[in-house]
Amino acid sequence: MRSTAIPQTDLVPSAICLGSSNFGNGIAPADAFQLLDAYVACGGNFIDTAAVYANWLPGEKNSSEKTIGRWLAANGQRDAIVLASKGAHPELATMQIPRMSPAEIVDDLETSLRNLQTDRIDLYWLHRDDPARPVAEIIDTLHGQVVAGKIRYFACSNWRAERIAAAQAYAAARGITGFVANQMRWSLAQIDPAATGDPTTVAMDEETYTYHRRSGLAAIPYSSQANGYFQKMADGRAVAPNQQKLYGAQENGRRLARVKELAQATGYSVSQIVLAYLTSQPFVTIPIVGCRSVAQVEDSMQAGDVELTGEQVDWLVRGDEWKR
Ligand SMILES: NC(=O)c1ccc[n+]([C@@H]2O[C@H](COP(=O)([O-])OP(=O)(O)OC[C@H]3O[C@@H](n4cnc5c(N)ncnc54)[C@H](OP(=O)(O)O)[C@@H]3O)[C@@H](O)[C@H]2O)c1
């Protein structure tokens, strides 16, 4: 498995990051341990969690972080893992009310450190933005946690390009490191934004893509496999109604045909081509995968070594000629 250095940091995670959104509740702790073990056995070292994960399911609160904390404590691998977690997520019952005050950010971080049984988080994400809050206050709060040794680097998730640019400009003017990555919804699939069911999430758009190209900021996208949509379509399997709404654009049918053609030409699986579309971007892009079985982990991890040319990447989206 290739490693990919995150610019502006000394973090060198594997090319594929393991997500954990239902660990502990939707995915039983013993099964989550198996997924984590399989991921590490495949050469993975980059784990993504959040304080809020699995709180939407019945069971233990903060169960994703707690499950990962127990796994880290049981196997003594903390120093070998690039550990990423997120805070400042709204309460689930009041998603329209941001939780981005300095006190909320710091409280969430302290909770995450306890849940994860660690003294520092390598990459700490703001799970959402509050555009009404000045970027200076947010960056100063996070920088304070870096100085205190609680986090090594910080980053943003579900932020719009102009807010990221403003935050980075403030950090640069202060002479400190700002966001080292951006986590957005992004995959090869076109989506219907209205069907995400959560207006506080942000998907990759043209402005954000241009920002990444220009600045070199790392992208660490979620729902990177379009929730398995292309693989399911290729296998003739049923797609859940909510996923059909999200990914059902006619354009995705054309992209599926190109994915299948490229898979056949290269010998890779459909899901590996879908992930390689991201890992082969012109700026550092490390997809986060959500896997329910060890077989899915093993399949997705093989994409970490697949490299597509720029022409192939463009062709997957636009259908331009790549076989010159
Ligand atoms: N920052 C945020 O706001 C945010 C939001 C969402 C997620 N995340 C993070 O991103 C992670 C991944 O998100 P996600 O679960 O939406 O991503 P995803 O990887 O696009 O979707 C996961 C689903 O894809 C299918 N799948 C996985 N591996 C496969 C393979 N090798 N072949 C075929 N199908 C495969 C499975 O579907 P089936 O179960 O149907 O088989 C699985 O449940 C989360 O765990 C979390 O850490 C962050």
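For the structure, see preceding data.
What you see is a predicted model; the values in this text were computed from it and never measured.

A. Seen up close, the overall build of the chain. Looking only at helices and strands, the chain features twelve helices and eight strands. In summary, the chain has a C-alpha radius of gyration of 19 Å against a globular reference of 20 Å for 324 residues, a match within 12%. Taking the principal axes of its C-alpha atoms as reference, the chain extends roughly 55 × 45 × 35 Å. Burial status across the chain gives 53% buried among its 324 residues. Sequence-distant contacts in the chain: of pairs separated by 6 or more residues, those separated by 24 or more amount to 76%. On the chain, roughly 13600 Å² of surface is accessible, and the fraction owed to carbon and sulfur atoms is 50%. Positive and negative charge centroids in the chain, built from 30 and 35 side chains respectively, lie 2 Å apart.

B. Summary view of the environment of tyrosine 53. Along the chain, tyrosine 53 falls in the loop between strand E2 (46–48) and helix H2 (63–75). As a C-alpha pair, tyrosine 53 and glutamate 104 span 51 residues in sequence and 17 Å in three-dimensional space. Sequence-distant contacts of tyrosine 53, that is, excluding residues within four places in its chain, are made with Ser20, Ser21, Asp48, Asn62, Ser63, Ser64, Lys86, His127 and Gln183.

C. Examining helix H12 (residues 310–318) more closely. What H12 keeps buried is the set Gln312, Val313, Trp315 and Leu316. Summarising the axial view, the buried residues of H12 lie within an arc of 165 degrees, below the 170-degree limit, and thus occupy one face. The secondary structure elements touched by the buried residues of H12 are helix H9 (250–266) and helix H10 (270–279). Positive backbone phi, approximately 80 degrees, marks glycine 319, located one or two places after H12.

D. Seen up close, the site of the ligand. Around the ligand, the surrounding shell holds 29 residues, and the nearest of these are Asp48, Ser223, Gln225, Lys232 and Arg292. The side chain of tyrosine 53 places a nitrogen or oxygen atom 3.2 Å from a nitrogen atom of the ligand. In the model, a nitrogen atom of the ligand is placed 2.9 Å from a nitrogen or oxygen of the serine 157 side chain. With the chains in place, 86% of the 910 Å² that the ligand exposes on its own is no longer accessible. Considering each element in turn, the shell around the ligand owes the most residues, three residues, to helix H11 (residues 294–302). Split by residue class, the shell around the ligand holds six nonpolar, 17 polar and six charged.

E. Unusual backbone geometry, seen in detail. At alanine 54, a residue that is not glycine, the phi angle is positive and equals roughly 70 degrees. Within the secondary structure layout, alanine 54 lies in the loop between E2 and H2. Residue alanine 54 is classed as buried on the basis of its relative accessible area of 0%. Positive phi is not limited to glycine here, since serine 223 has a value of about 50 degrees. Within the secondary structure, serine 223 sits in the loop between strand E7 (218–219) and helix H7 (229–235).

F. Spotlight on helix H1 (residues 29–41). Given a rise of 1.5 Å per residue, 13 residues ought to cover 18 Å, and the 18 Å separating the end C-alpha atoms of H1 matches this to within 8%. Elements that come into contact with the buried residues of H1 comprise strand E1 (17–18), E2, H2 and H11. After H1 finishes, the residue glycine 43 shows a positive phi value of roughly 100 degrees.

G. Quick peek at the packing of H1 against H11. One way to put it is that H1 packs onto H11 with a least axis distance of 9 Å and a crossing angle of 25 degrees. Overall, the two elements H1 and H11 adopt an arrangement that is roughly parallel. Here the hand of the crossing between H1 and H11 comes out right-handed. Of the residues in H11, those in contact with Gln34, Leu35, Ala38 and Tyr39 of H1 are Val294, Val297 and Met301. Here the contact of H1 with H11 is composed, by residue class, of six nonpolar, one polar and no charged.

H. Quick look at the pairing of strand E5 (residues 151–157). With six of its seven residues buried, E5 lies for the most part within the structure. Here five bridges tie strand E4 (residues 121–126) to E5, and the two strands are oriented parallel to one another. Within E5, the residue paired with leucine 126 across the bridge is cysteine 156. Once the chain exits E4 it traverses helix H4 (residues 135–147) before rejoining the sheet at E5, and the crossover so formed is right-handed.

I. Representation of the packing of aromatic side chains within the structure. This structure, assessed with the given rule, holds nine aromatic pairs. Put simply, the rings of Trp186, Tyr209, Tyr277 and Phe283 touch in pairs and so form one group of aromatic residues.

J. Geometry of the pattern of salt bridges. Applying the stated rule across the entire model yields 20 salt bridges. Salt-bridge contacts for glutamate 137 lead to arginine 133; the nearest nitrogen and oxygen are separated by 2.6 Å. Using a relative accessible area of 28% as the deciding quantity, one classes glutamate 137 as partly exposed. We classify arginine 133 as partly exposed; its relative accessible area is 22%.

Rules used throughout
- Residues numbered from 1 in each chain as written.
- Predicted model: local features only at pLDDT ≥ 70, side-chain atom pairs only at ≥ 80, totals over all residues.
- Heavy atoms only, no water.
- Helix = DSSP H or I, 4+ residues; strand = E, 2+ residues; numbered from the N terminus.
- Rg over C-alpha atoms; globule rule 2.2 N^0.38 Å.
- Buried < 20%, exposed > 50% of the residue type's maximum accessible area, 1.4 Å probe, protein only.
- Contact = heavy atoms within 4.5 Å.
- Areas by Shrake-Rupley, 256 points an atom, 1.4 Å probe, with all protein chains shown as cover.
- Lys, Arg positive; Asp, Glu negative; His and termini not counted.
- Charge placed at Lys NZ, Arg CZ, Asp CG, Glu CD.
- Arc of directions from axis to C-beta.
- Near = heavy atom within 4 Å.
- Polar contact = N/O pair within 3.5 Å; in protein donor to acceptor, adjacent residues only side chain to side chain.
- Nonpolar A, V, L, I, M, F, W, Y, C, P; charged D, E, K, R; others polar.
- Expected span 1.5 Å × (residues − 1).
- Axes fitted to C-alpha atoms, helices over the stretch in contact; angles between N-to-C directions.
- Parallel < 35°, antiparallel > 145°, perpendicular 65-115°, else oblique.
- Left-handed = near helix turned anticlockwise from the far one by under 90°.
- Pairing = 2+ DSSP bridges.
- Right-handed = clockwise from strand over helix to strand, strands pointing away.
- Phe/Tyr/Trp six-rings, centres within 6.5 Å; stacked < 30°, edge-to-face > 60°.
- Salt bridge = Lys/Arg side-chain N within 4 Å of Asp/Glu carboxyl O.

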